[in-house]
Amino acid sequence: MTDPAELTHQLGVEIDPELLVLALTHRSYAYEHPGTPHNERLEFLGDSILGEAVTVMLFRRFPDLDEGDLARRRASLVSTLALAEIARGIGLGAFIRLGRGETQTGGADKSSILADTMEAVIGACFLANGPDVARDLVLRLVETLMDDPDRFGSSMDPKTALQELAVAGGLGEVTYRIEARGPDHARVFTATAVVGAAPLGSGEGSSKKAAESVAALEAVTRLRAGQPAE
C-alpha cells in the first residue's frame, strides 16, 4: 500500500491519517485482520455527499433541463463506472488495503472496489473538513467527466448501448451471467456481459440490475476502444 499522505496531496485536502487509512480499508482486509474496521460506513456517508453535491451542481449548470434529464445526468456522474474512472485517474488503487484474495484477483483495479473506496474517501473528507470542502472536492473530481461527449449518451443506458453495438457489429446475442454472494441482507451480485461467446465486461452491485449496468458499460467501453475480449 502506497503512503496515504501522497493521496491527500493529490486531492488537495487534509485528512487525519487514521481516518484516511480507515477510508482505504476494504472489508476483505478487515476480514483477514479481525478487529480492524473497514470503510463501508464512510462509503455510506460519501455516497450521500456525492449525490447532493452533483445534484446541486447540475441544477445550477443546466437551468433548461427538466427533472428527467437532470436525474439521468446525475445517475451517469455518480455511477460505479464514473467513480472508478475518477479513482483510476488519481491512482487510488495503489492506496487501498485489500485482503490477499482480492489482491491476487486484481481487486485494486475492480470498478466496484474503486468506486466504493472513492465514496469512502469523500466521506472521510467531510468528517475531517466539513461540508464545504467535501463538496468542493466532489466538484473537482467530477469536473473531469463533464466535457466527455459520451458521458450523457450511452452511459445513461449502457445495456441498450451494448445491445445496439452488438447488433450493428454483427457480434451476436448479448447475455449476462449472474453470480451472488453474501447473506440475504447484504447480497452482492456479480454480472458478466457476454457478447456472442465473448465475456466483455464485468461489474458488481447490490442488485442484479445494477451489476448488469456496470458490466454493460465496461463492455461498451471495451468495444469502442477496440479492446479484445478477456
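What comes next is a walk through the structure. Please read all numbers here as calculations on a predicted model, not as lab measurements. (Residues numbered from 1 in each chain as written. Predicted model: local features only at pLDDT ≥ 70, side-chain atom pairs only at ≥ 80, totals over all residues. Heavy atoms only, no water.)

### Remarks on the overall build of the protein
The helix and strand inventory of the protein stands at 11 helices and 3 strands. What you see in the protein, going N to C, is helices and strands ordered as α-α-α-α-α-α-α-α-α-α-β-β-β-α. Here the C-alpha radius of gyration of the protein, 18 Å, is about what a compact globule of 230 residues would show, namely 17 Å. By principal-axis analysis of the C-alpha atoms, the protein measures approximately 55 × 45 × 35 Å. Across the 230 residues that make up the protein, the buried fraction comes to 43%. Intrachain contacts of the protein at a sequence separation of at least 6 include 55% that bridge at least 24 residues. Surface summary for the protein: the accessible area is close to 12000 Å², and the carbon and sulfur share equals 52%. Charged side chains of the protein number 22 positive and 34 negative; the gap between the two group centres comes to 3 Å. (Helix = DSSP H or I, 4+ residues; strand = E, 2+ residues; numbered from the N terminus. Rg over C-alpha atoms; globule rule 2.2 N^0.38 Å. Buried < 20%, exposed > 50% of the residue type's maximum accessible area, 1.4 Å probe, protein only. Contact = heavy atoms within 4.5 Å. Areas by Shrake-Rupley, 256 points an atom, 1.4 Å probe, with all protein chains shown as cover. Lys, Arg positive; Asp, Glu negative; His and termini not counted. Charge placed at Lys NZ, Arg CZ, Asp CG, Glu CD.)

### Some points on empty space enclosed by the protein
All chains considered together, the criterion is met by 1 cavity of 30 Å³ or more. Lining the largest cavity we find His-26, Arg-27, Asn-39, Glu-40, Glu-43, Asp-116 and Thr-117. At the level of secondary structure, the elements contributing two or more residues to the lining of the largest cavity comprise helix H4 (40–61) and helix H8 (111–129). Here the residues of the lining of the largest cavity sort into no nonpolar, 3 polar and 4 charged. (1 Å grid on protein atoms, 1.4 Å probe; cavity = no way out; pocket = protein on both sides within 12 Å on 5 of 7 lines; lining within 4 Å. Points joined across faces, edges and corners; volume = space filled by probe spheres on them. Nonpolar A, V, L, I, M, F, W, Y, C, P; charged D, E, K, R; others polar.)

### Comments concerning the packing of aromatic side chains
For any pair of aromatic rings, geometry is given as the distance between the ring centres together with the angle between the planes. Summed over the entire model, instances satisfying the criterion amount to 0 aromatic pairs. Geometry around Tyr-176 places Lys-159 over its ring, the cationic atom sitting 5.0 Å from the centre. (Phe/Tyr/Trp six-rings, centres within 6.5 Å; stacked < 30°, edge-to-face > 60°. Lys NZ or Arg CZ within 6 Å of the ring centre and 35° of its normal.)

### Some words on the packing of H4 against helix H9 (residues 131–146)
Axis separation between H4 and H9 bottoms out at 9 Å; the angle between their running directions is 60°. Our pair here, H4 against H9, has a crossing hand that is right-handed. Along its contact with H4, which presents Ile-49, Leu-50, Ala-53, Val-54, Met-57, Leu-58 and Arg-61, the element H9 presents Ala-134, Arg-135, Val-138, Leu-139, Val-142, Glu-143 and Met-146. Its residues assigned to classes, the contact of H4 with H9 comprises 11 nonpolar, no polar and 3 charged. (Axes fitted to C-alpha atoms, helices over the stretch in contact; angles between N-to-C directions. Left-handed = near helix turned anticlockwise from the far one by under 90°.)

### A look at the nonpolar core
Grouped together as the largest cluster of nonpolar side chains are 43 residues, with contacts concentrated most on Leu-7, Leu-11, Leu-92, Met-118, Val-121 and Val-138. Elements represented by at least two residues in this core include exactly helix H1 (4–11), helix H2 (17–23), H4, helix H5 (67–77), helix H6 (80–89), H8 and H9. Among the elements that line this core, the one with the most residues is H8, at 9 residues. The residues touching Val-138, leaving out its near neighbours within four places in the chain, are Ile-49, Leu-50, Ala-53, Val-54 and Ile-122. Among the nonpolar cores identified, the runner-up in size contains 14 residues, and Ala-191, Ala-193, Leu-200 and Ala-219 belong to it. (Core = buried A, V, L, I, M, F, W, Y, C linked by side-chain atoms within 4.5 Å.)

### Considerations on the sheet that holds strand E1 (residues 174–181)
Note on sheets: strands pair through backbone hydrogen bonds, and any given pair is parallel or antiparallel. Taken in spatial order, the 3 strands of this open sheet run E1-E2-E3, and their pairing is antiparallel. Two strands in the sheet have a free side with no partner beyond their single neighbour: E1 and strand E3 (198–205). Within the sheet, the average angular offset between the axes of one strand and its neighbour, ignoring direction, is 20°. With 8 bridges connecting them, E1 and strand E2 (residues 188–195) associate as antiparallel partners. Looking at E2, one finds that Ala-180 is bridged to Phe-189. Across the face of the sheet, helix H10 (residues 158–168) comes into contact with E1 and E2 while running at roughly 140° to E1. (Pairing = 2+ DSSP bridges.)

### With respect to the side chain of Thr-192
Examined against the element boundaries, Thr-192 turns out to sit in strand E2. For Thr-192, a relative accessible area of 17% gives the class buried. Sequence-distant contacts of Thr-192, that is, excluding residues within four places in its chain, are made with Thr-175, Tyr-176, Arg-177, Pro-199, Gly-201, Ser-202 and Ala-215.

### Focus on the pairing of E3
Note: E2 against E3, 7 bridges, orientation antiparallel. Pairing of Val-195 across the sheet is with Ala-198, part of E3. Linkage of E2 to E3, two consecutive antiparallel strands, is achieved through a turn of 2 residues, within which Gly-196 is found at a positive phi near 70°.

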